[in-house]
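Structural characterization, general
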Amino acid sequence: MLRECESSQPLVLGEAGARQFLLSYGWEIGLPLDLAGVVLAEEQAGLASVRTRFEHVMLGLPVYGSQITVNQSLDGNVVGLYSNYRAFAPGSPVPTVTQASAEAVAWAAARV
């Protein structure tokens, strides 16, 4: 969690400003430079701030527990960033093992 984050200028409130901030500084927390797989989950506006929460998705499915939240004051400044984003190792997310091989491993592990 980061507090008192600074951008070079106040940002538009909500998703647009949060995305602009993440495009500029997201690489420092391991986000992809193009924010691929980072989608809006919710945006909440309160009396003193706006919270924009993003989810990490892969192959159209949310990655469990991998979220980014950007908190902005009403003047557009980013006041907090929370991330438990999980970057994946390079390679294809599609398994290369066959179903038969996976079943054999599972049966062997179960000792059945």
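Below or above, wherever it landed, is the structure these notes cover.

Thresholds applied
- Residues numbered from 1 in each chain as written.
- Predicted model: local features only at pLDDT ≥ 70, side-chain atom pairs only at ≥ 80, totals over all residues.
- Heavy atoms only, no water.
- Salt bridge = Lys/Arg side-chain N within 4 Å of Asp/Glu carboxyl O.
- Helix = DSSP H or I, 4+ residues; strand = E, 2+ residues; numbered from the N terminus.
- Buried < 20%, exposed > 50% of the residue type's maximum accessible area, 1.4 Å probe, protein only.

1. Describing the pattern of salt bridges
Per the stated rule, a full pass over the model turns up three salt bridges. Here Glu15 ties to Arg19 by a salt bridge, and the two come within 3.0 Å at their closest N and O atoms. Note that Glu15 and Arg19 are positioned in helix α1 (residues 15–25) at a spacing of four residues, about one turn of the helix. Using a relative accessible area of 28% as the deciding quantity, one classes Glu15 as partly exposed. Residue classification places Arg19 among the partly exposed residues on the basis of a relative accessible area of 22%. The salt bridge involving Glu42 is made with Arg51; its shortest N-O contact spans 2.8 Å. When its relative accessible area of 24% is taken as the criterion, Glu42 is described as partly exposed.

Keep in mind these numbers describe shape, not what the thing actually does.
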